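Remarks on the overall topology
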Amino acid sequence: MNGQQAGHAMHKEDSHGMYDTGGEAETTTGRMATGSVSADFVVELTLETFNDIAASGPVFVCFYAPWCKHCKTFESVWRELSMRLAGVSGITIAKFNCDKHKEFCQEKDIPSFPELVLFKSPRQQIHYSGLRTADSFYHYVLNHVPNLQQADGTPLQLGQGNAGATVEVNNMWYLSDKEEFAEAASTPVAFILFTHTACELPLCRTARLNADRLSNSVQDDDVAIAQVDCWRSSLICDANLLAKHGHGWVVVYKDGKETAVQPIVPEFSAVPHFQVLLKKYTADANADTAKKHAQP
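Residues numbered from 1 in each chain as written. Predicted model: local features only at pLDDT ≥ 70, side-chain atom pairs only at ≥ 80, totals over all residues. Heavy atoms only, no water.

It is worth spelling out helix α7 (residues 202-217) at this point. With 16 residues, α7 ought to run about 22 Å at 1.5 Å a step, and its terminal C-alpha atoms sit 23 Å apart, in line with that. Every buried residue belonging to α7 is among Cys204, Ala207, Arg208, Asn210, Ala211, Asp212, Leu214 and Ser215, and all of these are buried. (Helix = DSSP H or I, 4+ residues; strand = E, 2+ residues; numbered from the N terminus. Expected span 1.5 Å × (residues − 1). Buried < 20%, exposed > 50% of the residue type's maximum accessible area, 1.4 Å probe, protein only.)

See the structure below:
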């Protein structure tokens, strides 16, 4: 039983939501979750329990502050994710109060609230960058945490969830390190959106949203639709000369080679324009493949 399941075992109601702390969760097999465990299955981590829980398996943490208005708005989304994954072994959905532990949050590189971080171990952390919806988080967990199992021991798959929840398949690839980038760029055709957390202009938000929508329509293993947050993954951006381009660009790669660089302009941020370009470069890649096969 993981820390998230401990909340279910206790049936402890936290009527104040994400911002109050309470008693102690009982000791569970595999994990000990100490702090407030609400009926929505979100585990409140403390300094004393953080490393133990992170060391015993992946934990997806929302770092928040009680005074943060965005955190209060976001609470229902995080609660929905925790309920969707309730009873699933191999992942814990948690929260951590940075207002009480400012130095610890600085050490973890938490720049603002709410900040979402997946810890695969106490020292291995991945900052989430992508759409902040329960569906997007659900896909992110399934893509980054292997061997998740439902309560009956069967593997958790896309489209499955508690209370009969059905999740739309999302093929967006959020790249966080050079290895992931190299793998994505090596596909026959890769559309990679380089963006930046600091860019909250309508154009940037629309481009991120529409790139995500585009990924939902792609069912081709030879096409990768990906995003890089240059705030979190500056090494990727620097290595690919994004310093000269700046953020807010889509770079098209064919078999690992940069083929085209497109700025995010109003017409380009629209889904139809994405689809037109994707069709063009996919057709070019298919033609190149056909020529190779035709050669004696």
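Let's pick the thread back up.
Below, the discussion takes up the state of the cysteines. This model, assessed by the stated rule, comprises 1 disulfide. One disulfide bridge connects Cys98 with Cys105, the sulfur atoms lying 2.0 Å from each other. Note on the Cys98 and Cys105 pair: the S-S dihedral is about -90°, so by sign convention the disulfide is left-handed. Pair check on accessibility: Cys98 and Cys105 agree, each one buried. (Disulfide = S-S within 2.5 Å.)

Turning to the environment of Tyr253, a few remarks are in order. The topology assignment puts Tyr253 in strand β11 (residues 249-254). Taking relative accessible area as the criterion, Tyr253 reaches 3% and is therefore assigned buried. It is 8.0 Å that separates the C-alpha atoms of Tyr253 and Thr187, two residues lying 66 residues apart in sequence.

Before going further, it helps to spend a moment on the nonpolar core. If you look at the biggest cluster of nonpolar residues, it comprises 45 residues, and the most contacted ones within it are Phe60, Trp78, Leu85, Ile91, Phe137 and Phe191. Judged by nonpolar contacts, the second largest core, of 16 residues, contains Val61, Phe63, Phe96 and Ile110. (Core = buried A, V, L, I, M, F, W, Y, C linked by side-chain atoms within 4.5 Å.)

This part is about the pairing of strand β7 (residues 124-127). Two elements, strand β6 (residues 115-121) and β7, share 4 bridges in a ladder whose sense is antiparallel. Paired with Val117 across the strands is His127, a residue of β7. Joining the antiparallel neighbours β6 and β7 is a turn of 2 residues. (Pairing = 2+ DSSP bridges.)

Here 5 strands make up an open sheet; going across it, the order is β3-β5-β4-β6-β7 and the pairing mixed. The sheet is open, and its two edges are formed by β3 (43-44) and β7, each paired on a single side. Sheet topology note: the strand β4 (residues 59-64)/strand β5 (residues 92-97) ladder contains 6 bridges and is parallel. From the neighbouring strand, Phe63 faces β5, where its bridge partner is Phe96.

To continue, consider the sheet that holds strand β12 (residues 257-263). Strands sit in the order β8-β10-β9-β11-β12 across an open sheet of 5 strands; the sheet is mixed. Edge positions in the open sheet fall to β8 (173-175) and β12, since each of these has one partner strand only. On average, adjacent strands in this sheet sit at an angle of 25° to one another, irrespective of strand direction. One ladder, built from 3 bridges, connects β8 with strand β10 (residues 223-229); its direction is parallel. Bridging across to β10, Tyr174 finds its partner in Gln227. Contacts from helix α6 (residues 178-185) reach β8, β9 (189-195), β10 and β11 within the one sheet, and its direction differs from that of β8 by about 135°. (Axes fitted to C-alpha atoms, helices over the stretch in contact; angles between N-to-C directions. Contact = heavy atoms within 4.5 Å.)

With that out of the way, let us pick up the pairing of β5. On a regular strand, one side chain projects to one face of the sheet and the next to the other, so that they alternate. Within β5, 6 of the 6 residues are buried, leaving the element largely enclosed by the surrounding structure. Where β3 and β5 come together, 2 bridges link them in parallel fashion. Looking at β5, one finds that Val43 is bridged to Ala94. Between the parallel pair β4 and β5, the chain is carried across by helix α3 (residues 69-84), and the sense of this crossover is right-handed. (Right-handed = clockwise from strand over helix to strand, strands pointing away.)

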